[in-house]
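So you can see what is in the structure, the chains are spelled out below.
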Amino acid sequence: DVSHELRTPLTVISGYLEMLGDADLNPGIRRAVKQMGEQGDRMKSLVNDLLHLSKLESNNAGTGSQWFEFQPLCAISIDQLKAYIPTSLTGEKLLGAEIHCDCISDIEVFGFADEMSSVLSNLITNAIKYGRKEGQAAQVNISIQNTHGGVEISVSDKGEGIASSHLAHLTERFYRVDESRESTVGGSGLGLAIVRHALEHHDAPLKIESTLGLGSRFSFIIPAERIRHKQN
Ligand code: ADP
């Protein structure tokens with residue numbers, strides 16, 4: 001409820017800040033208005049993520065599933081994120097990412113296409129943001145493969161990795177590994193909580209593997225009962 005109520009005042013404040021951004025202001029005030037606008041955008045994305053998460057949590061039974069084609073969802077997420085350039089903590093634009101996809105294309109999944117889209121875009125965004133070594137573009141590999149018991153989907157990167165003590169906590173709301181270590185501006189801290197809930201609706205637990213200095217791999221197996229192969 002609070003998130004919902006915050007939406008309107010935030011939209012009004014952001015709208016006026018945008019208007020002020022076009023005005024003829026002295027440089028100090030212009031900088032302040034710009035920063036207020038950026039923080040307003042962060043608050044909006046936080047509120048949207050909170051609303052998204054509470055919607056996922058309230059549909060615990062995951063009712064309303066339908067068959068949908070998986071590969072096009074993945075292609076759309078990749079397409080949207082190809083041009084995504086993260087910002088460093090000091091405000092500079094970083095190098096983008098090289099995204100490689102090794103995917104079987106004939107499967108349909110019984111579940112929720114919009115939830116699966118948000119799983120893919122959260123995991124790919126994280127791989128681009130955190131899966132990089134200093135001064136390099138992130139190298140992201142997405143794979144969709146038949147495996148024992150279903151279809152395995154994974155998003156891997158070759159970044160700095162995550163220490164094993166953090167792995168069990170990553171899907172908790174607002175958990176971040178180490179603010180000072182992150183090289184990029186983070187999101188709401190809710191991304192992986194959203195991923196976990198959305199995957200629960202597909203009976204597909206999230207598995208996180210990581211080796212410090214080598215990178216991380218986020219994967220899940222959609223069980224065979226939820227998969228069918230497209231008929232040509
Ligand atoms: P955020 O909004 O901070 O990105 P997430 O819930 O998506 O929130 O991720 C939680 C934390 O997990 C991140 O802040 C980051 O510390 C860590 N993390 C997520 N993905 C990766 C990755 N691919 N490599 C290294 N760390 C990661």
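As the structure is a prediction and not an experimental result, all values here were calculated from the model.

## Some remarks on unusual backbone geometry
In step 1: A positive phi angle, near 65 degrees, is found at Phe174, a position not held by glycine.
In step 2: Along the chain, Phe174 falls in the loop between helix H5 (164-167) and helix H6 (191-200).
In step 3: For Phe174, a relative accessible area of 46% puts it in the partly exposed group.
In step 4: Backbone geometry at Asp203 places phi at a positive 50 degrees, although glycine is not the residue there.

## A closer look at the side chain of Ser154
In step 1: Here Ser154 is to be found in strand S5 (residues 150-157).
In step 2: Setting aside its immediate chain neighbours within four residues, Ser154 contacts Asn141, Ile142, Ser143, Arg217, Phe218 and Ser219.

## A look at a nonpolar patch on the surface
In step 1: A cluster of nonpolar side chains, contributed by Val12, Tyr16 and Met19, occupies part of the molecular surface with about 340 Å² of accessible area.
In step 2: We classify Val12 as partly exposed; its relative accessible area is 45%.

## Some details on helix H4 (residues 113-130)
In step 1: Over its 18 residues, H4 extends 26 Å from the first C-alpha to the last, a length consistent with the 26 Å expected when each residue adds 1.5 Å.
In step 2: Here H4 lies mainly inside the structure; 13 of its 18 residues are buried.

## Notes on the sheet that holds strand S3 (residues 107-111)
In step 1: Overall, antiparallel pairing links the three strands, which are arranged S1-S3-S8 in an open sheet. Among the strands making up the open sheet, the edge pair consists of strand S1 (66-69) and strand S8 (227-229). When strand polarity is set aside, the average angle formed by the axes of neighbouring strands in this sheet is 30 degrees.
In step 2: Both S1 and S3 contribute to a ladder of four bridges, which runs antiparallel. Its bridge partner being in S3, Glu69 is matched across the sheet by Glu108.

## Describing the nonpolar core
In step 1: With 43 residues, the main nonpolar core has Phe70, Met116 and Phe220 as its most contacted residues.
In step 2: For this core, the elements supplying multiple residues, two or more each, are helix H2 (27-58), helix H3 (70-82), S3, H4, strand S4 (138-147), S5, H6 and strand S7 (215-223).
In step 3: Broken down by element, this core gets its largest block of residues, seven residues, from H4.
In step 4: Setting aside its immediate chain neighbours within four residues, Phe220 contacts Met116, Val119, Leu123, Val151, Glu152, Ile153, Leu199, Ala204, Pro205 and Leu206.

Cut-offs used in this document
- Residues numbered from 1 in each chain as written.
- Predicted model: local features only at pLDDT ≥ 70, side-chain atom pairs only at ≥ 80, totals over all residues.
- Heavy atoms only, no water.
- Helix = DSSP H or I, 4+ residues; strand = E, 2+ residues; numbered from the N terminus.
- Buried < 20%, exposed > 50% of the residue type's maximum accessible area, 1.4 Å probe, protein only.
- Contact = heavy atoms within 4.5 Å.
- Patch = residues over 30% accessible without salt bridge, like charges linked within 9 Å, V, L, I, M, F, W, Y side chains within 5 Å.
- Areas by Shrake-Rupley, 256 points an atom, 1.4 Å probe, with all protein chains shown as cover.
- Salt bridge = Lys/Arg side-chain N within 4 Å of Asp/Glu carboxyl O.
- Expected span 1.5 Å × (residues − 1).
- Pairing = 2+ DSSP bridges.
- Axes fitted to C-alpha atoms, helices over the stretch in contact; angles between N-to-C directions.
- Core = buried A, V, L, I, M, F, W, Y, C linked by side-chain atoms within 4.5 Å.

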